[in-house]
Amino acid sequence: MTEPVLEARKVSKHYGHVLALDEADFTAYPGEVVALIGDNGAGKSTLVKTLVGAIRPDQGTILVDGAPVALTSPVDARGYGIEAVYQDLALAPDLDSAANLYLGRELYRIPFVRVLNRHAMRERAVAAFAELGIALPDVSVPVGMLSGGQRQSVAVARAVAFASRIIFMDEPTAALGVVQRGRVLDVIRRVRDRGVSVVLVSHNMPEVLAVADRVEVLRMGRRVATFTAARTSVDELVGAMTGALELSAGADRGSAQ
Amino acid sequence: MTEPRQAAGVPAAEDSPRPVPGEQPSRAPAAWTDVARRAGGRMAAASETWLLLALVIMIVIFTVQAPGKFLTLTDFSLMGQDAAWLLVMAVGETFVIITGGIDLSVGSLLVLSGVTADLYCIHHGGAGASWAAIAVGSLIGLATGCAWGAMQGFLIAKGKVPSLIVTLAGFIAAGEGVAYLITGGADFRTVPNRLVNTIGLGSVLGVPWLIAISFVVAIVGGLVLAFTQFGRYTYAIGSNPEAARRAGIGVDRHLIKVYALSGLLAGLGGILSLASFDSTTIAGHAFDNLEVITAVALGGASLFGGRGSMLGSFIGLAFSTILLEGLVIIGVNQYWQEVAIGAALVAAVYLDQFRRRQRGAGRVRWAALWQFGRQRA
C-alpha cells in the first residue's frame, strides 16, 4: 500500500465542553481526490483547520509522507506543500489577480530593497491560469471587479500554483452557477492528474461522487467510514453521515482499497 | 522670505501628473456596470484624471478673476513652500489611509518634533548652532515623530484600538499636551540661523530647499508605494486584512511600520516648518491633519482602505492649496477658507462612497449567485 501523503491519527480538539474532534482519523493518498463529508457539526471544518495549521489539536498526530510534523501556522503548512482554498476565498479585492496569486510570496526584481517584479508575476499568473484552463480576460483587473466564478478560479489557481502535496478545498462550488461549477470540478481533476492530492469538503453528494476517488465520512468528531467512490451511492453516503446506516460493512469496503 | 524665488522646477499642476489614457465613465447609464468592470484598476487613475481636470479649470477661473496675479511662477513657488510640510505628511497619510486607517496626529507630531529638535539646538549653540548640532537636533525631531507614530501603530495593531481614537488622542496629547509642557506654552523663537537661511529660505540648483525636499520625499514615497513589497502589503492589508494574514503577511508589524513612517514624516515636516517659520509655531498646525486628509481623500484614496496613489494625493494637495491661495487672491474673506476645506473633505469622502457603490454592483450580483448555488446544493 502506498504511503499516505497526509494523515491524521487520533486527533482530538475541544472547544470548552464541546468535543469537536474525538480521536478522528484522516488519510489522503498521493494523486487522489478524497472527499471529506459529514453533517453540520460533524467536525469537518475543525479537522481541515487542524490539517492546514490554522488550529492546533489537543491530541493526536499529523503525518506528512509518514513523518510526524507540528503544524503551528498556515505558513508552516505551506512549507510542506499544503495549500487551502477557503470558502471566503481570502482574496484582496483591490489587488489584481496576479498580485493575489503571489500575495505573501512576491517575486522581486531587486530583492535587496524588495522591488517587485510585476512583469514576471503577471506573466507567470497568465501561465498558471492557462494551465488550469481558466480564462481570465485580464490579470491586471482588481479581483473585486471579477465575477464570483472568476474569483473562485483565482483562489484555486493560487493554491494550485504553490501546492506540491495537497490542496484543501472547502465547499469550492457552493457560490457558483452550473457552468462554473463544472469548470471547478475540471480543475480539481486536472490538479489530481498533476500528482497533487485534493481534499474536497462538500455537501453536494452527486458532486462528490462525480469527482472524488475516495470518500471519508465524519460523524460526531470521528471518521466513521471510508468508501471508494466508484462503489458507493448517494444513499449510502447519506446513511453513513446521519448514522442511519450501521457501517461495519461500509468501513470494511473502504479500507479494502 | 527674502530671496526672490527662481522656481525652475515648480509648475506643479501642469507638468508632473500624467493623465491616464482612456477610461472615462460612459454617459449611458445602461452600460454602467460594464464600464465599471472594464475600467477595473484604472478607476483610481480615472479619479486622478478628473481631479486634474478640476484643478486646471480652477486655475483658469482664478486666472481670469485675477489676471496677472495668479498664474505666475513666483506664486506657485510660494505655494509649494507653504505646502511643503503638508506634502511630506500627505505621503505618510497616504500609506495610513490605504491600510484603512487614519492618522489625525500628524500636525501635532509636526509641532512636537519641531519642539524637541529645537530644544536640542537651543542648548547647543542656539541661533548660531553648528550644522552638526542641527543634524543631531533634526535626528531627535525625526526620532520623536517616528517613536510616537510607532507607539500609535502598536496600540492600533496589537491593542486593536481604532486608529481614529488612538491618533485623536495622539493629536491632543502631543500637540496640546507635551508640546506645551516642553515649551511652557510660548513658542521657541530661537532657531539655528543656518537652518533657517538654508532649508527655510535657500535654494538648491534654483529650487527652494523646501520644495526640493518635499518633492523628493513624495517621489520616493510614490515609488515605494507603487513598486515595492512594502507598498503591496499596504494595499493588501487595507483591502482585506484577513486575506493578508492568511497569506503569511505580518499584518501587525506592517501596520506599526506604516504609522511609524507617518510619524517620521510628520517629524520631517516639523524640521521644515521650523526652518520656514523661524519658530516652533505650536498653535499653527491644529488643522494640518484635516488639510492632509482632505488632500489624500481628494486624490482618490479610499478611507475604507485598499485604494489610493501618491500621484493622486499630490494632485489632491495641489488642488486644496491652490483653492485656498486662489480664494485669498480674488479677495474672498479668509474665514471662507475653513469652510472651503471642510466642504472639500466632505465632497472627497462622498465621491469615495459613490465610487464604492458603483463597484458594489458586481458584489450584489455575486451574492445572488451564491444564494442560487446554496439552493441547488
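Residues numbered from 1 in each chain as written. Chains lettered and ligands numbered in written order. Predicted model: local features only at pLDDT ≥ 70, side-chain atom pairs only at ≥ 80, totals over all residues.

### A few points about the overall build of chain A
In step 1: Looking only at helices and strands, chain A has nine helices and twelve strands in total.
In step 2: A globule of 257 residues ought to have a C-alpha radius of gyration of about 18 Å, and chain A, at 19 Å, matches this closely.
In step 3: Dimensions of chain A, computed from C-alpha atoms along their principal axes, come out at roughly 60 × 40 × 35 Å.
In step 4: Counting over 257 residues, chain A shows a buried share of 54%. (Helix = DSSP H or I, 4+ residues; strand = E, 2+ residues; numbered from the N terminus. Rg over C-alpha atoms; globule rule 2.2 N^0.38 Å. Buried ≥ 20, exposed ≤ 12 C-beta atoms within 10 Å, placed from the backbone.)

### A word on the interface of chain A and chain B
In step 1: Contacts between the two partners involve 30 residues from chain A and, on the opposite side, 30 residues from chain B.
In step 2: Secondary structure elements with two or more residues in the side of chain A that touches chain B: α2 (74–79) and β8 (115–116) of chain A.
In step 3: Residue composition of the side of chain A that touches chain B, grouped by class: 18 nonpolar, eight polar and four charged. (Contact = placed C-beta atoms within 7 Å. Nonpolar A, V, L, I, M, F, W, Y, C, P; charged D, E, K, R; others polar.)

### A few points about the confidence of the model for chain B
Residues and elements named next belong to chain B.
In step 1: Counting all residues, the mean pLDDT for chain B is 81, and 81% of those residues have values of 70 or more.
In step 2: Scored below 50 in pLDDT, residues 1–44 shows 68 contacts in the model against residues more than four places distant or in partner chains.
In step 3: pLDDT under 50 marks residues 361–377. Its contacts with residues more than four places away, or in other chains, come to 21 contacts.
In step 4: With pTM at 0.83, the complex prediction returns an ipTM value of 0.85. (pLDDT = per-residue confidence, 0-100.)

### Quick notes on the packing of helix α5 (residues 84–98) of chain B against helix α15 (residues 310–329) of chain B
Between two packed helices, the angle of one axis relative to the other and the distance separating the axes together describe the packing.
All names here are of chain B.
In step 1: Close contact between α5 and α15 brings their axes to 10 Å; oriented N to C, the two are set at 140°. One element, α5, and the other, α15, form an angle in the oblique class. Note that α5 runs across α15; the crossing there is right-handed. Taking contact as the criterion, the partners of Leu86, Leu87, Ala90, Val91 and Thr94 in α5 are, on α15, Met310, Ser313 and Leu317. (Axes fitted to C-alpha atoms, helices over the stretch in contact; angles between N-to-C directions. Parallel < 35°, antiparallel > 145°, perpendicular 65-115°, else oblique. Left-handed = near helix turned anticlockwise from the far one by under 90°.)

### Brief notes about the pairing of strand β10 (residues 197–201) of chain A
Residue and element names in this part refer to chain A.
In step 1: Taken across its five residues, β10 has five buried, putting it largely inside the fold.
In step 2: Burial along β10 is two-sided: the face carrying Ser197, Val199 and Val201 and the face carrying Val198 and Leu200 are both buried.
In step 3: Where strand β3 (residues 33–38) meets β10, four bridges bridge the pair, whose relative direction is parallel. Bridge pairing in β10 links Ala35 to Leu200.
In step 4: Bridge count between strand β9 (residues 166–170) and β10: five bridges; the pairing is parallel. (Pairing = 2+ DSSP bridges.)

### Digging into the confidence of the model for chain A
In step 1: Summarising the model, chain A shows a mean pLDDT of 87, and 95% of its residues fall at 70 or more.
In step 2: Ignoring residues within four places in sequence, the model shows residues 248–257 of chain A, a span with pLDDT below 50, making 17 contacts including any to other chains.

### Brief notes about the pairing of strand β1 (residues 6–15) of chain A
Residues and elements named next belong to chain A.
In step 1: In this sheet, strand β2 (residues 18–28) lies alongside β1 in antiparallel orientation, the contact comprising seven bridges. Counterpart to Glu7 in the pairing with β2 is Thr27.
In step 2: Where β1 hands over to β2, the hairpin turn is made up of two residues, of which Gly16 adopts a positive phi near 60°.
In step 3: Two elements, β1 and strand β4 (residues 59–64), share five bridges in a ladder whose sense is antiparallel. When the bridges of β4 are listed, Glu7 appears paired with Leu63.

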